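Reading the structure
As a plain string of letters, each chain reads:
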Amino acid sequence: MFEIKSSRFFEEKCRIGDKWCDADDSSVIEITNPATQQVIGTVPKVGARETARAIEVASVQGKEWASRTAKERHGLLKKWFSLIIDNQDELGQILVTEQGKPLAEAVKEVAYGASFIEWFAEEGRRAYGDIIPSGIPNTEIRVTKEPVGVVGIIIPWNFPSAMISRKVGAALAAGCSCVIKPAELTPYSAIALIKLAEEAGIPPGILNLVTGDPQVIGKELTTNPIVKKLSFTGSTAVGKLIMQQCSSTVKKVSLELGGNAPFIVFEDADLDAAVDGLMVSKFRNSGQTCVCANRIFVQAAIYDKFLAKLKQAVAKLIPGDGMADGSTQGPLINEQAVVKVEKHIQDMLDRGGKLVCGGKRHELGGTFFEPTIISEVQIGSLPCHEETFGPVAPLYKFATEEEAVTMANNTQYGLSAYFYSSDLERVQRVSSSLEDGIIGVNCGIISNEVSPFGGVKESGIGREGSKYGLDEYLNIKYTLFQYKAQNIKRRI
């Protein structure tokens, strides 16, 4: 049995500069395993003073990091990537212990997160500029890209390893230094990654980590003028507050916020493939993902057949401790998450929805919840307006393509969408009509390091991954050179 405190990557402190440290007043936050409800350790509850100190260190040390060549940074990032892969299993076990997802999912998350570090290690060498033809005689327009400076990074609890890698990989490759605030529920995965970064040779002060009250730390990161950019993944409500606070110093922001992903199954779809895609989109991480299928629209002609196949697939899910053999669904993160899931289910049932399976807390107790399907869900129910963030699949019925697209777009969110169809013309029409930043056509997994991840509408600003993700951490500088005119005789 894995014991987190025996891991060489386990640390109950913050990292500021070259020191692992406690809060100035020695206060701590207890961290709980969501599967067992047992306290697994503590981390410092730091405040604005310690955060400001971390920002200052990042600013001072970051100048040397920014001055290094892209090739030098590339070499250190590749070493970090290799160390993460070499320790993938142990990092996965740490992740399971603090977050709860099944071990197989956790290990895949570690590898997925590492892929961004590898990608940006390479992409950092390609931060190309431009020479623009000038309309003014004897001048040259040169465009270069430079690191923005100190970056504040705020990480969510649902992917505590991948989200730090996706942001920090780009920031370091661009030449920026960072102050990282992991989620107060899941700090140990971030701490483990910082330890490996140091083993790889990334200098002290480039990656600083503070734990504690998100409001206090967040306020310092968003208002401190030394911080030039803020990258946040979390709820839309908090994202709006962060954007508002960052306006005081006009920071550059990247916001990956809430979603309300539609999952559309047309009558010409491969139903087996659609069920497989829905299972991985809906029930991965117990439905606690921002790109999770939240509203499932099924065309009337194949509704009953699809529902029967989905019920068979859901019946095969095995809730349990993420470290247990055979477990395919872990607990929800905390009691608050369970209460929200129950509220959504009751609302759908009150509006005429029919419970197909699940619908209540699992007999395992704690925050385990039964995988749930509700059919005949009506427009206007809670999932139409907000993420359920749990293992609940609500099925809506539609008649026409136009109706499906209208329902899918009827939300203030626009992060991701999925649909299944074998009609090429329909694929083109629907892809163009959906108001989302990411579209999955006949597939349920859409995230990878080479593609731009991000949303439209109230789902955020900016992109992570791909060549576009590097640009989020760079400023564009334009320089106009004027040369003295030379009298040169042209030979004929």
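Residues numbered from 1 in each chain as written. Predicted model: local features only at pLDDT ≥ 70, side-chain atom pairs only at ≥ 80, totals over all residues. Heavy atoms only, no water.

What follows covers the overall build of the protein chain. Along the protein chain, the regular secondary structure elements total 14 helices and 22 strands. C-alpha extents for the protein chain along the principal axes are approximately 85 × 70 × 40 Å. The buried share of the protein chain, taken over its 492 residues, is 56%. Contacts in the protein chain between residues at least 24 apart in sequence constitute 73% of all its contacts with a sequence separation of at least 6. Surface accessibility of the protein chain: about 20,700 Å² in total, with carbon and sulfur atoms responsible for 52%. (Helix = DSSP H or I, 4+ residues; strand = E, 2+ residues; numbered from the N terminus. Buried < 20%, exposed > 50% of the residue type's maximum accessible area, 1.4 Å probe, protein only. Contact = heavy atoms within 4.5 Å. Areas by Shrake-Rupley, 256 points an atom, 1.4 Å probe, with all protein chains shown as cover.)

Per the counting criterion, the structure on display carries 30 salt bridges. A salt bridge links R8 to E199, with the shortest nitrogen-to-oxygen separation between them at 2.6 Å. Residue R8 is found in the segment before β1 (14-16), and its partner E199 is found in helix α6 (residues 188-200); the two are separated by 191 residues along the sequence. Taking relative accessible area as the criterion, E199 reaches 43% and is therefore assigned partly exposed. (Salt bridge = Lys/Arg side-chain N within 4 Å of Asp/Glu carboxyl O.)

Before going further, it helps to examine the pairing of strand β4 (residues 39-44). Where strand β3 (residues 28-32) and β4 come together, five bridges link them in antiparallel fashion. Within β4, the position partnered with E30 by the bridge is T42. Linking β3 to β4, which pair antiparallel, is a turn of six residues; within it Q37 sits at a positive phi near 65°. (Pairing = 2+ DSSP bridges.)

Now for the sheet that holds strand β22 (residues 474-482). Backbone-to-backbone hydrogen bonds pair the strands of a sheet. The strands run either parallel or antiparallel. Taken in spatial order, the three strands line up as β5-β6-β22 in an open sheet, and their pairing is antiparallel. In this open sheet, the two edge strands, each paired with only one partner strand, are β5 (130-132) and β22. Put simply, the sheet's adjacent strands are angled 25° from each other on average, direction ignored. For strand β6 (residues 139-147) and β22, the ladder comprises nine bridges, and the chain directions are antiparallel. (Axes fitted to C-alpha atoms, helices over the stretch in contact; angles between N-to-C directions.)

Before going further, it helps to examine the packing of aromatic side chains. Throughout the structure, instances matching the rule amount to eight aromatic pairs. Centre to centre, the rings of F263 and Y418 are 5.8 Å apart; their planes meet at 35°, and the pair counts as tilted. With F263 in strand β12 (residues 261-265) and Y418 in strand β18 (residues 416-420), this residue pair connects regions lying 155 residues apart in the sequence. On the accessibility criterion, Y418 (1% relative accessible area) is buried. Taking the centre distance of 6.2 Å and the plane angle of 80° together, the rings of F266 and F419 count as edge-to-face. (Phe/Tyr/Trp six-rings, centres within 6.5 Å; stacked < 30°, edge-to-face > 60°.)

With that out of the way, let us pick up the nonpolar core. Considering soluble globular proteins, one finds that nonpolar side chains tend to be buried as a cluster. Ranked by size, the top nonpolar core spans 59 residues in total, and within it W80, I84, L172, I180, Y188 and L207 carry the most contacts. Those residues in contact with W80 that sit more than four places away from it in its chain are I117, V168, L172, L193, L196, A197, A200, I202 and L207. Residues A261, V275, Y303 and V314 belong to the second largest nonpolar core, which totals 33 residues. (Core = buried A, V, L, I, M, F, W, Y, C linked by side-chain atoms within 4.5 Å.)

A word on the sheet that holds strand β13 (residues 293-299). The seven strands lie next to each other as β14-β15-β16-β13-β12-β18-β19, forming an open sheet whose pairing is mixed. Edge positions in the sheet fall to β14 (354-357) and β19 (438-441), since each has one partner strand and no second. Going across the sheet, the axis of each strand differs from the next one's by a mean of 25°, ignoring polarity. Note that β12 and β18 share three bridges and pair parallel. The residue bridging F263 from the neighbouring strand is Y418, located in β18. Running over the sheet, helix α12 (residues 401-409) touches β12, β13 and β16 (392-398) and is turned about 140° from β16.

To continue, consider the pairing of β13. Counting buried residues along β13, seven of its seven residues qualify, which places the element largely inside the surrounding structure. Across five bridges, the pairing between β12 and β13 is parallel. When the bridges of β13 are listed, A261 appears paired with A293. Each parallel crossover has a hand, and the one from β12 via helix α9 (residues 271-283) to β13 is right-handed. Pairing of β13 with β16 involves four bridges; the strand directions are parallel. Note on β16: the bridge partner recorded for V298 is K397. (Right-handed = clockwise from strand over helix to strand, strands pointing away.)

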